[in-house]
Amino acid sequence: MNTCTFRAPFFNHLKHQSSNSLSIFQYSTNNSFKMNNSKNNPQLSFDESAYEAERLRLDAKARESMAIEAAEIEDDPKGWKWVIRKRIWDLMEASNIAHFPRPVHHRIPNFVGAPAAADKLSRLEVFLEAKCVKVNPDTPQKQVRFLTLNGGKKLLTPQPRLRTGFFSVLEADTLNPSTMNEACTSVGVAKYGRPIGLDEKIKVDLIVIGSVAVDPKTGARLGKGEGFAELEYGMLRYMGAIDDSTPVVTSVHDEQLVDDIPVEKLLIHDVPVDIICTPTQVIFTNTSIPKPEGIYWDKLSPEKLSQIKILRQLKAKIERETGQKLPTGPSEKLPPTAQRRQRQKR
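Criteria and cut-off values
Residues numbered from 1 in each chain as written. Predicted model: local features only at pLDDT ≥ 70, side-chain atom pairs only at ≥ 80, totals over all residues. Heavy atoms only, no water. Helix = DSSP H or I, 4+ residues; strand = E, 2+ residues; numbered from the N terminus. Buried < 20%, exposed > 50% of the residue type's maximum accessible area, 1.4 Å probe, protein only. Areas by Shrake-Rupley, 256 points an atom, 1.4 Å probe, with all protein chains shown as cover. Right-handed = clockwise from strand over helix to strand, strands pointing away. Pairing = 2+ DSSP bridges. Axes fitted to C-alpha atoms, helices over the stretch in contact; angles between N-to-C directions. Left-handed = near helix turned anticlockwise from the far one by under 90°. Contact = heavy atoms within 4.5 Å. Nonpolar A, V, L, I, M, F, W, Y, C, P; charged D, E, K, R; others polar. Phe/Tyr/Trp six-rings, centres within 6.5 Å; stacked < 30°, edge-to-face > 60°. Lys NZ or Arg CZ within 6 Å of the ring centre and 35° of its normal. Salt bridge = Lys/Arg side-chain N within 4 Å of Asp/Glu carboxyl O. Arc of directions from axis to C-beta.

J.: Would you mind going over the overall build of the chain with me for this structure?
T.: Looking only at helices and strands, the chain has eleven helices and twelve strands in total. When burial is assessed residue by residue, the chain has 55% of its 346 residues classed as buried. If you sum the accessible surface of the chain, you get close to 15800 Å²; carbon and sulfur atoms cover 50% of it.

J.: Sorry, what's going on with the pairing of strand S3 (residues 132-135) here?
T.: Looking along a regular strand, one sees side chains alternate from face to face of the sheet. Covered by surrounding structure in S3 are Cys132 and Lys134 together with Val133 and Val135, the residues of both alternating faces. The handedness of the S3 to strand S4 (residues 154-158) crossover, carried by helix H6 (residues 142-150), is right-handed. By the bridge criterion, three bridges tie S3 to strand S7 (residues 206-209) in an arrangement that is parallel. Among the inter-strand pairings, Val133 is bridged to a residue of S7, identified as Leu206.

J.: Quick question: what am I supposed to make of the packing of helix H4 (residues 114-122) against H6 here?
T.: When two helices pack together, their arrangement is given by the angle between the helix axes and the distance between those axes. One can describe the packing of H4 onto H6 by two numbers: an axis separation of 8 Å at closest approach and a directional angle of 35°. Here H4 and H6 pass one another in a crossing that is right-handed. Across the interface between the two elements, Pro115, Ala118, Asp119, Leu121 and Ser122 of H4 pack against Gln143, Val144 and Leu147 of H6. Residue classes in the contact of H4 with H6 are distributed as five nonpolar, two polar and one charged.

J.: Explain the packing of aromatic side chains here, please?
T.: Centre-to-centre distance and the angle between the planes together describe a pair of aromatic rings. With the rule as written, the count across this model stands at two aromatic pairs. When the ring of Trp82 is compared with that of Trp89, the centres are 6.1 Å apart and the planes differ by 50°; the resulting orientation is tilted. Look at Trp82 and you get buried, because its relative accessible area is 7%. Under the relative-accessibility criterion, Trp89 is labelled buried at 1%. Seen in terms of ring centroids, Phe166 and Phe167 are 4.4 Å apart; in terms of plane orientation they differ by 75°. Their pairing is edge-to-face. Considered together, Phe166 and Phe167 belong to a single accessibility category, that of buried residues. One Lys or Arg, Arg85, reaches over the ring of Trp82 and ends 4.5 Å from the middle of that ring. Over the ring of Phe127 we find Lys153, and its NZ or CZ is 5.0 Å from the ring centre.

J.: Whenever I open this one, the pattern of salt bridges confuses me. Can you help?
T.: Side chains that differ in sign of charge can pair as their charged atoms come close. Taken as a whole and judged by the stated rule, the model has 16 salt bridges. Here Arg194 makes a salt bridge to Glu200, at a shortest N to O gap of 3.0 Å. Taking the relative accessible area as the measure of exposure, Arg194 reaches 38% and is therefore partly exposed. Judged by its relative accessible area of 23%, Glu200 falls in the partly exposed class.

J.: What is the right way to look at the side chain of Asn136 in this model?
T.: Mapped onto the secondary structure, Asn136 falls in the loop between S3 and H6. The class of Asn136 is buried, set by a relative accessible area of 4%. Those residues in contact with Asn136, other than ones at most four positions away along the chain, are Gln141, Arg145, Thr157, Pro158, Val208, Ile209 and Gly210.

J.: Help me understand the packing of helix H9 (residues 228-239) against helix H11 (residues 309-322) in this model?
T.: At their nearest, the axes of H9 and H11 sit 12 Å apart, and the two run at 40° to each other. Note on packing geometry: the crossing formed by H9 with H11 is left-handed. Residues Leu231, Met235 and Tyr238 of H9 pack against Ile310, Leu311, Leu314 and Lys317 of H11. Counted by class, the contact of H9 with H11 contains six nonpolar, no polar and one charged residues.

J.: Sorry, what's going on with H4 here?
T.: At 3.6 residues per turn, the α-helix brings residues three or four places apart onto the same side. Among the residues making up H4, those that are buried are Ala114, Ala117, Ala118, Leu121 and Ser122. The buried side chains of H4 occupy one side of the element, clustering within an arc of 140° when seen end-on. Those residues of H4 hidden inside the fold are in contact with helix H5 (125-129), H6, S7, strand S10 (248-251) and strand S11 (275-277).

J.: I tried to follow the pairing of strand S5 (residues 167-171) on my own but got confused; where do I start?
T.: Within S5, four of the five residues are buried, which leaves it mostly tucked inside the rest of the structure. Pairing of S4 with S5, which is carried by five bridges, proceeds in the antiparallel orientation. For Pro158, the partnering residue across the bridge sits in S5 and is Phe167. Of the strand pairs in this sheet, S5 and strand S6 (residues 194-196) are connected by three bridges, and their pairing is antiparallel. Its bridge partner being in S6, Phe167 is matched across the sheet by Ile196.

Everything listed here is a matter of coordinates, which is why it stays silent on function.
Printed below as a string of structure tokens:
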């Protein structure tokens, strides 16, 4: 691999070191847990309102800090991606094929028919055979998360934007019918999930990611532009949880299928998809686009690194253990995000 990133054998060496292991807990930076101090039996209780308030605060802060508009990035080499994203977002708004939250701009759209697409996904052989499924935390994939747990599988889901933590694992046998639906929401993941760190030994059999646009002929995919799906994928590769053979599936509306994503302009960390599920069809892309092999530190900007605590800790860990300074990518102007409004718990 002709990049500045470290190859798999180097990461394998790090993963087997027992010292300085990373254990990341998503609740360490807020007050979502309250300590009930009995003398011999301290207990942790989950403060749902505090967690939701903190999540909304961080989300609003993220969106406010990214004040640029897509129209201002004409000179950006990635500007072509924003042209496609904006076209799809505009189309979905004009055609009224999205549910709340609206508008869909700068989001993974909560498309009409998402449950039907999830049902098709749940009938895939790769889903039926999977024991552990990683699913993105966005609204349109909520039903996928539910079907994963309802099918007795292990669900791995990231904290939104990796701001309040890393990944959480939820297992069906720890839930009951009354809590399973809640466990598929961001609050429920925090409430019922078990936070894991980068040293967790876990095998992921299937990855489900959200998309703004996807090409059914090539498997090329565009997310909302923040790069978290790529970072999550890279970290799972670092953990040894996935490899090239791990299927990547997305669920989208049929109107999100496009034919103008130039494969030659994709970046080395862009994640292609193997299977697309829409409300009306299942598409096997037979993609030939290489999947990322890890975290490409030379592509990771200081601005993005400053957003994500676990990446800073991982970078420091690798540099400490190797005595080598990792490369840093060029500075970037982070993309805009949708305005987050207060809403009822979903």
